[in-house]
Amino acid sequence: MTSRPRSDDTPKKTSANEPAPEDRKPAGRPAAGGDVPVAPTHPAGLGPADRRRLLDGTHHDPHGVLGAHPMPDGVAFRAFRPYALGVTVVTDDLRAELRDDGDGFFSGLLPLRAVPDTYRLVVAYEGTVLETEDAYRFLPALGEVDLHLIGEGRHEELWRALGAEPMEHQGVTGTRFTVWAPNARGVRLAGGFNFWDGTGHPLRSLGSSGVWELFVPGIGEGELYKFDIARPDGSRTLRADPMARRTEAPPATSSVVHASHHEWRDAEWMERRADRPAHEAPFSVYEVHLPSWRPGLTYRQLADQLPAYVTDLGFTHVELMPVAEHPFGGSWGYQVTGFYAPTARLGTPDDFKYLVDALHRAGVGVLMDWVPAHFPRDEWALAEFDGRPLYEHADPRRADHPDWGTLEFDYGRREVRNFLVANATYWCEEFHIDGLRVDAVASMLYLDYSREPGQWVPNEHGGRENLDAVAFLQEMNATVYRRNPGVVTVAEESTAWDGVTRATHHTGPGGFGGLGFGLKWNMGWMHDSLDYVSHDPVHRKYHHDEMTFSMVYAYSENYVLPISHDEVVHGKRSLVSKMPGDWWQQRANVRAYLAFMWAHPGKQLLFMGQEFAQGAEWSEAHGPDWWLLDPAYGAEPDHRGVRDLVRDLNTVYRHEPALWERDTDPSGFAWITGDSADDNVFAFLRHAADGTPLLAVSHFSPAVRHGYRLGVPEEIPAWHEILNTDTGRYGGGDVTNPDPVKPEPTGWHGRAASIQLTLPPLATVWLRPA
């Protein structure tokens, strides 16, 4: 809206049903709830029912009564401008002051043959005069195709239809506001532009779609807003926009009108990211909590540091803990209120795009944690959004999440499923995200998840599977993969659900099609292997199977091996602090374990701070202990050595296809010895697609073993050590095998040839054909 002074060349002024002096009343505040609206004394005015519904905010079609409408004797103009002292209509040919009908209503019957194509309102308030377009003269700014797709739950670009969209409509610049609230008796728009009083900005209901719409001229980027919703019980609630693409920084909760102006420079990355499927490519992930990685940095400042750090360490991807807006920082982003808005704590949506762009240009892929499993109960967000359960299930036994005190989505409602499916594609398409790690999938799949008997209702077949959630996940994965070549979805799924990474159209033994994910976190490997290494070496022989059992099911899914944030918080201790022994042994254990992990079939994920053996648990309040890498700190070489190893692990990993090319193919792995429990030794071969082998030997005992014999393929003339975690510069004792090792015709481990190695204490050694 713009303020425009009156000029001498204004159109001819006329009187529009000039009232008698005794009929004039001051405008100002609309009638209170108990007041009875005064009936108009002339035909252009509104009747009592429409006045009351507009004052109460329960009118479903304000455009049908406000604005300009043809009548037998001319054109009726009606305006609802609370607090205004006067309203004047200005057309190309005339200027007419409308009658003050009281309670903020103004009307007039002008001697026009037809409704003018354009007109403006001059609104006088105390101390100012505003000239503006009339919001109630515009046709709907949302098309029938959009409404049809929303009604069917198939609008794959929902963010282009709902929310706040700056645009030009009928030749006028403004913002279209749309919201899905099918149970609302009425919806009004409140924001900074109307002093958070939405009385004068009611939205119209678009048929039976449940969508409400209003195009507001003169409103643009940066405006704060919320939706003022009249509930079915007559109460009101002020809600943030579920589709808001930008928000205020918490603890403020308003939505912000946003339009992107970022110009992407990652075309080369986007063109080649689909060249190789993720499960057949090097895939080494650095997990990051952006607000605490370097506390205080914005998205743009992170773009100056994070890509360089990750590139130096050789990771192929970063995985960002949830970046969607959330009110409580202590939730780490896993209780989302703004599903379409990057958190404003670190900057604007374009600032976040700048960070993703910088990572891509550095050759680093970007995964982000996505949380469609639940949402918090904040009264200004999604919970009972329009007065009744809408995004959550109507049955409290299905809606209440027992672990987190949150609400689960109603995956059986097509509009809710559409909200989430479109959200997945939104992050991939608008922010060039390369992968979505879907949080808490198990809690979605099972109706009895964390529930006791009597607290859950079986599905239509009498089972515990949430069929609605299964259908949603299948639709989400199929849609993301169809629309975004090169993107990968990753499931954090902690049970043995069959077919998490199987194609959706392939039915498994349980009768379900696959969920369609590209990768799955291997939670079993994580728990088993961490349990093994936490034991003192003298006891490890009794837990040997915890390191070998993963190979029993290694090819049942496409796996990621995660050492994530969940394993280094809440009393679980950091990775190095889980290890037994003195400080030297703890670091040696970590180095041996990481190299075992990098050689094991599956992709790798490591949480920030663990790459340099941080001793303290992670805290979102201060992030990693970077001071451990300060050269002035006496133990800095100990921490730098572990980080140097991680860098070399990634470097060798990238250059050795045997370590990633056949991750999901049993032909890519062969045990040398998986039963040397008394020696605490694990040895196996990895094979590239062309058959080239790599030999990995892990020794989890503190003793040095000289001349340790291992069976090997007889066709390899010699083996060369390419990585040894006991190397001195990593902080080890420098017990290595510096010369090529040649096989002997001595049968061992079921093979015709064998080699003898020196096994360093608490170390992993990699060898390849010399």
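This is a predicted model, so every value here is computed, not measured. (Residues numbered from 1 in each chain as written. Predicted model: local features only at pLDDT ≥ 70, side-chain atom pairs only at ≥ 80, totals over all residues. Heavy atoms only, no water.)

Brief notes about the pairing of strand S25 (residues 435-438)
Using the following cut-off: Each residue is assigned to one of three classes by its accessible area relative to the maximum for its type, calculated with a 1.4 Å probe on protein chains only: buried under 20%, partly exposed between the two thresholds, exposed over 50%. The secondary structure listing takes helices from DSSP runs of H or I that are at least 4 residues long and strands from runs of E that are at least 2 residues long, numbered from the N terminus. Strand pairing requires that DSSP identify at least two bridges connecting the strands.
Because side chains alternate across S25, one face comprises the buried residues Gly 435 and Arg 437, and the other comprises Leu 436 and Val 438, equally buried. In the sheet, strand S22 (residues 365-370) pairs with S25 via four bridges, with the strands oriented parallel. Residue Met 368 lies in a different strand from S25, and its bridge partner there is Leu 436. In the sheet, S25 pairs with strand S26 (residues 488-491) via four bridges, with the strands oriented parallel. When the sheet's bridge partners are listed, Arg 437 is paired in S26 with Val 490.

A look at the packing of helix H14 (residues 583-599) against helix H15 (residues 636-655)
Packed helices, taken two at a time, are described by their axes: the angle between them and the distance between them. Heads up, the rule is: Lines are fitted to the C-alpha atoms to define the axes, a helix being fitted only along its stretch in contact, and any angle between axes, read from their N-to-C directions, falls within 0 to 180 degrees. Working rule for angles: under 35 degrees goes down as roughly parallel, over 145 as roughly antiparallel, 65 to 115 as roughly perpendicular, anything else as oblique. Should any heavy atoms of two residues lie within 4.5 Å, those residues are counted as being in contact. Residue classes follow a fixed rule: Ala, Val, Leu, Ile, Met, Phe, Trp, Tyr, Cys and Pro count as nonpolar, while Asp, Glu, Lys and Arg count as charged, and any other residue, Gly among them, counts as polar.
Contact pair H14 / H15: the axes reach a minimum separation of 11 Å and the direction vectors enclose 10 degrees. When the axis of H14 is compared with that of H15, the two are roughly parallel. On H15, the residues touching Trp 583, Arg 587, Val 590, Arg 591, Leu 594, Ala 595 and Trp 598 of H14 are Asp 638, His 639, Val 642, Leu 645, Val 646, Leu 649, Asn 650 and Tyr 653. Broken down by class, the residue content of the contact of H14 with H15 amounts to 10 nonpolar, two polar and three charged.

Focus: the packing of aromatic side chains
Here is the rule we go by: We call Phe, Tyr and Trp rings a pair once their centres come within 6.5 Å, taking the six-membered ring for Trp, and we label the pair stacked below 30 degrees between planes, edge-to-face above 60, and tilted otherwise. Criterion for a charge above a ring: Lys NZ or Arg CZ within 6 Å of the ring centre, and within 35 degrees of the ring normal.
Inspection of every chain in the model, using the stated rule, returns 49 aromatic pairs. Their ring planes at 15 degrees and their centres at 5.9 Å tell us that Trp 525 and Tyr 593 sit as a pair that is stacked. Here the residue Trp 525 occupies a position in helix H11 (residues 523-534), and Tyr 593 occupies one in helix H14, the gap between them amounting to 68 residues. Classification of Tyr 593 by relative accessible area gives buried; the value is 0%. The cationic tip of Arg 294 hangs over the ring face of Trp 626; the distance from NZ or CZ to the ring centre is 4.1 Å.

Some remarks on the sheet that holds strand S34 (residues 719-724)
In spatial order, the strands read S30-S31-S32-S36-S34; together these five strands make up an open sheet with antiparallel pairing. Each edge of the open sheet carries a strand with a single partner, namely strand S30 (669-676) and S34. Taken over all neighbouring pairs, the strand axes of this sheet differ in orientation by 20 degrees on average, direction set aside. Looking at chain direction, strand S32 (residues 693-699) and strand S36 (residues 763-769) are connected through five bridges and run antiparallel. Each bridged residue has a counterpart across the sheet, and for Leu 695 the counterpart in S36 is Leu 767. Sheet strands in contact with H14 are strand S31 (681-687), S32, S34 and S36, and its direction is about 40 degrees off that of S36. Relative to the sheet, H15 contacts S34 and S36, its axis offset from that of S34 by approximately 140 degrees.

Some details on the environment of Gly 733
Along the chain, Gly 733 falls in the loop between S34 and strand S35 (753-759). C-alpha of Gly 733 to C-alpha of Pro 760: the two residues are 27 residues apart in sequence and 8.0 Å apart in space. Apart from the residues lying within four places of it in its own chain, the contact partners of Gly 733 are Trp 584 and Asp 726.

With respect to the packing of helix H5 (residues 299-313) against H15
One way to put it is that H5 packs onto H15 with a least axis distance of 7 Å and a crossing angle of 75 degrees. Between H5 and H15, the angle is such that the two are roughly perpendicular. Residue-level inspection shows Tyr 309, Asp 312 and Leu 313 of H5 in contact with H15, the latter providing Arg 643, Val 646, Arg 647 and Asn 650. Class assignment of the residues belonging to the contact of H5 with H15 gives a composition of three nonpolar, one polar and three charged.

Describing the sheet that holds strand S28 (residues 559-563)
One closed barrel holds the eight strands; their spatial order is S18-S19-S22-S25-S26-S27-S28-S29, and the pairing between them is parallel. Here the strands of the sheet are splayed against their neighbours by 25 degrees on average, with no regard to which way each runs. Of the strand pairs in this sheet, strand S18 (residues 284-288) and strand S19 (residues 317-320) are connected by four bridges, and their pairing is parallel. Paired with Glu 287 across the bridge in S19 is Glu 319. Helix H6 (residues 349-361) rests against S19 and S22 of the sheet, and its axis sits at about 135 degrees to S22. On top of the sheet, helix H8 (residues 414-430) reaches S22 and S25; it is set at about 155 degrees to S22, its chief contact.

Some words on the pattern of salt bridges
For the record, the criterion: Basic side-chain nitrogens of Lys or Arg form a salt bridge, by our definition, when they fall within 4 Å of a carboxyl oxygen of Asp or Glu.
Under the counting rule described, the total for this entry stands at 48 salt bridges. Across the pair Arg 99 and Asp 101 runs a salt bridge, and its minimum N-O distance is 2.6 Å. Judged on exposure class, the residue Arg 99 and its partner Asp 101 are both buried. Between Glu 157 and Arg 483 there is a salt bridge whose closest N-O contact spans 2.7 Å. Taken together, the residues Glu 157 in the loop between helix H2 (144-152) and strand S10 (163-169) and Arg 483 in helix H10 (residues 467-483) connect sequence positions 326 residues apart. A residue is classified by how much of its surface remains accessible, and Glu 157, at 27% relative accessible area, is partly exposed. Taken together, the salt bridges that share partners define one network made up of Glu 156, Glu 157, Arg 160, Lys 353, Glu 429, Glu 430, Arg 482 and Arg 483.

Details of the environment of Gly 731
The residue Gly 731 is located in the loop between S34 and S35 in this model. Under the relative-accessibility criterion, Gly 731 is labelled buried at 19%. The sequence separation of Gly 731 and Tyr 446 amounts to 285 residues, and the corresponding C-alpha distance is 46 Å. Gly 731 has contacts with Trp 584, Arg 587 and Arg 591, leaving out every residue within four places of it along the chain.

A short note on the side chain of Ser 698
Just so we agree on the cut-off: Here a polar contact is recorded for every N or O atom pair within 3.5 Å, except that within protein the pair must consist of a potential hydrogen donor and a potential acceptor, and residues adjacent in sequence are included only if both atoms are side-chain atoms.
Topologically, Ser 698 is positioned in strand S32. Judged by its relative accessible area of 1%, Ser 698 is buried. Here the side chain of Ser 698 touches Thr 764 through a polar contact of 2.8 Å, side chain to side chain. Excluding its chain neighbours within four sequence positions, the residues that come into contact with Ser 698 are Ala 592, Phe 596, Asn 680, Val 681, Phe 682, Ala 763 and Thr 764.

Quick look at H8
Cut-off, in case you're wondering: A helix's residues, less one, multiplied by 1.5 Å, set its expected span.
In this model H8 runs 23 Å from its N-terminal to its C-terminal C-alpha over 17 residues, within 8% of the 24 Å that 1.5 Å per residue would give. Directly after H8, the chain includes His 432, whose backbone phi takes a positive value near 55 degrees.

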